[in-house]
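Residue strings, one per chain:
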Amino acid sequence: MNLKFSERANEIKASEIRELLKLTERPELISFAGGLPAPELFPVDNMKKIAYKVVEEQGKEALQYSTTEGYTPLRQTIVDQRLKPAGINVTVDNILITSGSQQALEFTAKLFIDKDDVIICESPSYLGAINAFKAYQPKFVEVPMDDDGMIIEELEKKLREYPNAKFIYTIPDFQNPTGKTLSVERRKRLADIAGQYEIPVVEDSPYAELIFEGNRYPTIKSFDNSGYVIHLGTYSKTFCPGLRIGWVCAHKDILQKYVLIKQGADLQCSTIDQRITAQFMKEYNLDEHISKIIEVYRNRRNIMIESMQKFFPSEVKYTLSKGGLFTWVELKKELNTKKILEEALEEKVAFVPGGSFFPNGGNENYFRLNYSNMSEEKIVEGIKRLGKVLSKYY
Ligand code: PMP
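These numbers come from a predicted model, not from an experiment.

S.K.: Please clarify how the overall build of the chain should be interpreted in this entry.
M.R.: Each helix and strand in the chain was counted, giving 13 helices and 14 strands. Counting the 394 residues in the chain, one finds 55% classified as buried. Element-wise, carbon and sulfur atoms account for 49% of the exposed surface of the chain, whose accessible area totals about 17900 Å². Each charge sign in the chain was given a centre, from 53 positive and 55 negative side chains, and these centres are 2 Å apart.

Below you can see the structure in the form of structure tokens.
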């Protein structure tokens, strides 16, 4: 065929890793590759009742078109239940419902990036965001991280070097992929930098509530005096990703633009799904549900760390994530985890090689492990198998 795709579409390529990871669908394989919540924790019975009730009582409205901004009672619930406790004092007028936070990332790219624009992100960063941004052909500038997240001195150097950068993208809580968390001091500074340099800071925060130890850190948005911090949230990791309900929380002048983009993209999120979600949040306590999730994930994290201590060569380094879904493993510099993945797949265990989380490439000696989606027994067995593969190199 002779198809004249846009430059943008030509830029989008299926990754070789994706092809490899298709193998992870085989049932005998132990996969630490995805980022899926544990399906046994979904509140299936309660959802059945709620879904029935919504159709029974609000059928005509639930099956109709509705506003682009989203179902107002759901936006109010997000403001009251999710944002106020995070120190974010806003009204429904600051909220747009999106199809997961993934859609908010795509819209962020559409809203800010022209070809060759500079955008700034952590090194490494979330693969789904990198791919969403990449389609708009930016230049990625990566800021190194330490155990407290993005290093602010390094960020300021980049801001001086690239004064026209369009936005800063950060995942401050239990980052995907590293599991690292941005310190409170750095959150304050990031909010100040947003105002001082007049550059939006996009705070992508799907994991903030999945805390295993200690207290929740204040959001960057809670320190925002300038209006330049855009906060993205989602019910995907704390409730059900299949509903595809996320939100953008931003200053009205910014939000208006997101709304126009949403209108052009899909008019609105599913009315019935928004109403079901709102009804669930009215009748049940999501905080209690999150406590159950935390309990299970904390155990799985513990088992994974204990197993790594037991089965991995002692020189291998990994993060001790204090929440979220992931831990991040660092091997000797000369090793290539894409190649090691091939061997791991032969042992029927999978992970995501780290290189793809660096938008400008390199860093092939890292990999990401997910602990939320496998049973404790499978975690032990999978890490044992991985340890066997890694031992060949140490
Ligand atoms: N941001 C980050 C950092 C993520 O890890 C994910 C999901 N893996 C998303 C956004 C997208 O989540 P969703 O669209 O399901 O809300």
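That covers the picture; the talk isn't over yet.
S.K.: For this particular structure, what's the right way to read the domain arrangement of the chain?
M.R.: Put simply, an interface is often sized by how much accessible area is lost when its parts join up. In terms of domain boundaries, the chain breaks down into domain 1 (7-43 + 288-393) and domain 2 (64-283). Taken together, the contacts link 31 residues of domain 1 with 34 residues of domain 2. Buried surface at the junction of domain 1 and domain 2, summed over both partners, amounts to about 3000 Å²; 64% is from carbon and sulfur atoms. The largest contributions to the domain 1 side of the interface with domain 2 come from Lys322, Phe357 and Pro359, which together make up 19% of the buried area. Summed over the shared surface of domain 1 and domain 2, the number is two salt bridges.

S.K.: Quick question: what am I supposed to make of the side chain of Asn365 here?
M.R.: Along the chain, the position of Asn365 falls in the loop between β13 (352-353) and β14 (366-370). Asn365 has contacts with Val329, Glu330, Leu331, Lys332, Lys333, Leu335 and Thr337, leaving out every residue within four places of it along the chain.

S.K.: Any chance you could explain helix α12 (residues 337-346) here in plain terms?
M.R.: Working note: α-helix, 3.6 residues per turn, so residues spaced by three or four point in the same direction. Every buried residue of α12 is listed here: Thr337, Ile340, Leu341, Glu343, Ala344 and Leu345. Between the side-chain oxygen at the start of α12 and the backbone nitrogen of Lys338 there is a gap of 2.8 Å, and the oxygen is on Asn336. Downstream of α12 by one or two residues, Lys348 has phi in the positive range, about 65 degrees.

S.K.: Explain the site of the ligand here, please?
M.R.: If you check the shell around the ligand, you find 13 residues, and the closest are Ser101, Asp204, Tyr207, Thr234 and Ser236. At a separation of 2.7 Å, an oxygen atom of the ligand approaches a polar backbone atom of Ser101. For the ligand, an oxygen atom lies 2.9 Å from a polar atom in the side chain of Asn176. Here the ligand has 400 Å² of accessible area as a free molecule, and 91% of this is covered by the chains. Considering every element that reaches the shell around the ligand, the biggest residue donor is helix α5 (residues 100-112), with four residues. Of the residues in the shell around the ligand, the class split is four nonpolar, six polar and three charged.

S.K.: Just checking my understanding: could you explain the side chain of Arg275 for this structure?
M.R.: Inspection of the secondary structure puts Arg275 in helix α10 (residues 271-283). In this structure Arg275 is buried but unpaired, with Glu61 as the nearest side chain of opposite charge at 4.9 Å. Beyond its immediate stretch of four places on either side in the chain, Arg275 contacts Val54, Gln58, Glu61, Ala62 and Tyr71.

S.K.: It is not clear to me how unusual backbone geometry should be interpreted in this structure. Could you clarify?
M.R.: Outside of glycine, negative phi angles account for most residues, and trans bonds account for most peptide bonds. A cis amide bond links Ser123 to the next residue, Pro124, at an omega of 5 degrees. Mapped onto the elements of the fold, Pro124 is located in the loop between β3 (118-123) and α6 (127-134). The amide bond that connects Asn176 to the next residue, Pro177, takes the cis arrangement and shows omega of 20 degrees. Within the secondary structure, Pro177 sits in the loop between β6 (168-170) and α8 (184-196).

S.K.: Sorry if this is basic, but what is going on with the pairing of β3 here?
M.R.: Within β3, six of the six residues are buried, which leaves the element mostly enclosed by the surrounding structure. Two strands pair when backbone bridges link them, and β3 and strand β4 (residues 139-146) are joined in this way by six bridges, in the parallel orientation. What sits directly across from Ile119, in β4, is Phe140. For the handedness criterion, the β-α-β arrangement of β3, α6 and β4 is classed as right-handed. Bridge count between β3 and β6: two bridges; the pairing is parallel. Residue pairing for β6: Ile120 is matched across the bridge by Ile168.

S.K.: Sorry, what's going on with the environment of Leu159 here?
M.R.: Mapped onto the elements, Leu159 comes out in helix α7 (residues 152-161). Taking the C-alpha atoms as reference, Leu159 lies 40 Å from Leu386; in sequence the two are 227 residues apart. Filtering out sequence-adjacent residues up to four positions away, Leu159 remains in contact with Ile120, Ile168, Ile193, Tyr197 and Ile199.

Scoring rules and cut-offs
- Each chain carries its own residue numbering, running from 1 in the written order of its sequence.
- Local features are withheld for residues below a pLDDT of 70 in this predicted model, meaning they are given only at 70 or higher, and side-chain atom pairs are given and counted only at 80 or more; totals for whole chains, interfaces and linings count all residues.
- As a rule here, side-chain values cover all heavy atoms of the structure and leave hydrogens and water aside.
- Secondary structure elements are defined from DSSP: runs of H or I of at least 4 residues count as helices, runs of E of at least 2 residues count as strands, and each element is numbered from the N terminus.
- Buried residues are those whose accessible area, probed at 1.4 Å on protein chains only, stays under 20% of the maximum for their type, while exposed residues exceed 50% and partly exposed ones sit between those limits.
- Residue-level accessible areas treat just the shown protein chains as cover; the underlying method is Shrake-Rupley with a 1.4 Å probe.
- Neither His nor the chain ends contribute to the count of charged residues, in which Lys and Arg are positive and Asp and Glu negative.
- Charged groups are reduced to one reference atom each: NZ for lysine, CZ for arginine, CG for aspartic acid, CD for glutamic acid.
- All domain edges in this entry derive from an automatic or database-based domain assignment.
- Working rule for contacts: check all heavy atoms of both residues, and any pair within 4.5 Å makes them a contact.
- Take the accessible area each of two parts loses on contact, using a 1.4 Å probe, and add the two losses: that sum is the buried area.
- A carboxyl oxygen of Asp or Glu within 4 Å of a side-chain nitrogen of Lys or Arg is what we treat as a salt bridge.
- By the criterion applied in these results, polar contacts are pairs of N or O atoms within 3.5 Å in which, for protein atoms, one can donate a hydrogen and the other can accept it, and in which residues neighboring in sequence qualify only through two side-chain atoms.
- When at least one non-hydrogen atom of a residue lies within 4 Å of a molecule or strand, that residue is treated as near it.
- Just so you know the grouping, Ala, Val, Leu, Ile, Met, Phe, Trp, Tyr, Cys and Pro go in nonpolar, Asp, Glu, Lys and Arg go in charged, and all remaining residues, Gly too, go in polar.
- Two strands pair under a simple rule: DSSP has to find at least two bridges between them.
- Handedness is read with the strands pointing away from the viewer; a crossover is right-handed when the path from the first strand over the helix to the second is clockwise.

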